[in-house]
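Chain by chain, the residues:
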Amino acid sequence: MKIGASKAKTVLLIVLFPALLAGCGGKHAAYRQAPVEPALVEAPQDDRGMYLGLLRQMQQQGAYYASLAHIDAFRQRFGDSPELRILQANALRETGDRSTAGNIYRGLTKGAQAAPAWHGLGLIAADARDHDGARLALESAVHADPLNIAYLGDLGFALLQAGQFEQARAPLAKAAELAPENIRAISNLALWAMLSGQHATAESMIQRADLPQSARSEIYRLAQTLRQAAAASNANAVNNTTALAVQPPGSSTQRPRPPGSMLDRFNPTTATLQEATP
């Protein structure tokens, strides 16, 4: 890595500078000084912050397995911390180990990392089609960090998945107004407008934001899919109410599965695959 070379140069300069000063005071004074160990002249906190930044960049680029390996290396060098555990839980969630990720998140819901911990729990619940759990966790994330665009957007989308269109309006509108240039925030609000029957408003948002064709196609696809899911859910609710009079105690009916995961809502291929998964 280039960091090592730069660090070596810094160490060399720090070692040589006092040696040169000592040489000015005596003929051989500079050569009698003990070698300076790199650990004594490095800035651990600066290194630690730089390493955490690299870990976050890895995860932003989707290199979650690589980030897990580096998280182990980071822990050996600098020790553990809540911010490192959040990164570990995020990587575990993205690589399929949601149980371990959930345990880590739950252990962090009371401290400084409470907002991302609740957000992670909300994403896990949403992926498991647990509407109530997703809503409660994401509401807690928004409460802890009210200006976070991602938390607001994911809360609003979770409410859309649950068929609670009116409740989704406020968080989605907040996200769009806080970040008017954010494609995802505008797309979510346009999706809400379509699902609420305000097609002209939705089209106006799409045109004014000049959304890319991929985002437009996904908005239309999700609007149709979520509308169908809401209709099926309402139909089932009516049927269940009628059937309760004749069903024996302990019997149950299968609830319709909402489409896709909010994690991939603007990736049509992935979302379609997820919807087809039994």
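Residues numbered from 1 in each chain as written. Predicted model: local features only at pLDDT ≥ 70, side-chain atom pairs only at ≥ 80, totals over all residues. Heavy atoms only, no water.

1. Quick look at the overall build of the protein chain
Right, on to step 1. Scanning the protein chain from N- to C-terminus turns up 14 helices and 0 strands.
Right, on to step 2. Starting at the N terminus and ending at the C terminus, the protein chain contains elements arranged as α-α-α-α-α-α-α-α-α-α-α-α-α-α.
Right, on to step 3. Every one of the 278 residues in the protein chain was classed for burial, and the buried ones make up 38%.
Right, on to step 4. Considering only intrachain contacts with a sequence separation of at least 6, the fraction spanning at least 24 residues in the protein chain is 50%.
Right, on to step 5. Working note: accessible area of the protein chain is about 16000 Å², and carbon and sulfur atoms make up 57% of it. (Helix = DSSP H or I, 4+ residues; strand = E, 2+ residues; numbered from the N terminus. Buried < 20%, exposed > 50% of the residue type's maximum accessible area, 1.4 Å probe, protein only. Contact = heavy atoms within 4.5 Å. Areas by Shrake-Rupley, 256 points an atom, 1.4 Å probe, with all protein chains shown as cover.)

2. Here's the deal with the packing of aromatic side chains
Right, on to step 1. What the rule picks out here adds up to 3 aromatic pairs.
Right, on to step 2. With a centroid separation of 5.3 Å and an interplanar angle of 65°, the aromatic rings of Tyr51 and Phe74 are classed as edge-to-face. One end of the pair, Tyr51, is in helix α3 (residues 44–60); the other, Phe74, is in helix α4 (residues 64–78), and 23 residues separate them in sequence.
Right, on to step 3. Summarising the aromatic geometry, the rings of Tyr51 and Phe78 are spaced 6.5 Å apart at their centres and angled 80° between planes, so their arrangement reads as edge-to-face. Of the two residues, Tyr51 is situated in helix α3 and Phe78 in helix α4; the sequence distance between them amounts to 27 residues.
Right, on to step 4. In this structure Tyr51 comes out as buried when scored by relative accessible area, which is 15%.
Right, on to step 5. The exposure class of Phe78 is partly exposed, given its relative accessible area of 22%.
Right, on to step 6. Ring-pair connections join several aromatic residues into one group, and the members of that group are Tyr51, Phe74 and Phe78. (Phe/Tyr/Trp six-rings, centres within 6.5 Å; stacked < 30°, edge-to-face > 60°.)

3. Details of unusual backbone geometry
Right, on to step 1. For Arg129, which is not a glycine, the phi torsion comes out positive at approximately 65°.
Right, on to step 2. With respect to the helices and strands, the residue Arg129 is situated in the loop between α7 (114–127) and α8 (131–144).
Right, on to step 3. Although it is not a glycine, Asp210 adopts a positive phi angle of roughly 50°.

4. Regarding the environment of Ala230
Right, on to step 1. Within the fold, Ala230 resides in helix α13 (residues 213–243).
Right, on to step 2. Note on Ala230: relative accessible area 15%, which makes it buried.
Right, on to step 3. Considered as a pair, Ala230 and Gln164 are 66 residues apart in the sequence and their alpha carbons are 8.9 Å apart.

5. Comments concerning the packing of α8 against helix α9 (residues 149–161)
Right, on to step 1. Here α8 crosses α9 at 160°, and the two axes come no closer than 9 Å. With respect to their mutual orientation, α8 and α9 come out roughly antiparallel. Here the hand of the crossing between α8 and α9 comes out left-handed. Contacts between α8 and α9 involve His131, Ala134, Arg135, Leu138, Glu139, Ala141 and Val142 on the former and, on the latter, Tyr151, Leu152, Asp154, Leu155, Ala158, Leu159 and Gln161. (Axes fitted to C-alpha atoms, helices over the stretch in contact; angles between N-to-C directions. Parallel < 35°, antiparallel > 145°, perpendicular 65-115°, else oblique. Left-handed = near helix turned anticlockwise from the far one by under 90°.)

6. What to know about α9
Right, on to step 1. End to end, α9 covers 18 Å across 13 residues, agreeing with the expected 18 Å (1.5 Å per residue, within 8%).
Right, on to step 2. The buried fraction of α9 amounts to 11 of the 13 residues, a majority that puts the element mostly inside the structure.
Right, on to step 3. The distance from a side-chain oxygen at the start of α9 to the backbone nitrogen of Ala150 is 3.0 Å, and the residue carrying that oxygen is Asn148.
Right, on to step 4. A positive phi of about 80° marks Gly163, the residue just after α9. (Expected span 1.5 Å × (residues − 1). Polar contact = N/O pair within 3.5 Å; in protein donor to acceptor, adjacent residues only side chain to side chain.)

7. Here's the deal with the pattern of salt bridges
Right, on to step 1. Counted according to the given criterion, the structure contains 11 salt bridges.
Right, on to step 2. Arg77 is the partner of Asp47 in a salt bridge, and the nearest nitrogen-oxygen pair spans 3.5 Å. With Asp47 in helix α3 and Arg77 in helix α4, this residue pair connects regions lying 30 residues apart in the sequence.
Right, on to step 3. The class of Asp47 is buried, set by a relative accessible area of 13%.
Right, on to step 4. What makes Arg77 partly exposed here is its relative accessible area of 47%.
Right, on to step 5. Across the pair Arg75 and Asp72 runs a salt bridge whose closest N-O atoms are separated by 4.0 Å. Here Asp72 and Arg75 lie together in helix α4, a separation of 3 residues that amounts to about one turn. (Salt bridge = Lys/Arg side-chain N within 4 Å of Asp/Glu carboxyl O.)

8. Examining the packing of α7 against α8
Right, on to step 1. Contact geometry for α7 and α8: axes closest at 7 Å, N-to-C directions at 160°. Classified by the angle their axes make, α7 and α8 are roughly antiparallel. Between α7 and α8 lies a crossing of left-handed hand. Residues Ala115, Trp118, His119, Leu121, Gly122, Ala125 and Ala126 of α7 lie in contact with α8, whose contacting residues are Gly133, Ala134, Ala137, Leu138, Ser140, Ala141 and Ala144.
Right, on to step 2. For the contact of α7 with α8, the residue count by class is 10 nonpolar, 4 polar and no charged. (Nonpolar A, V, L, I, M, F, W, Y, C, P; charged D, E, K, R; others polar.)

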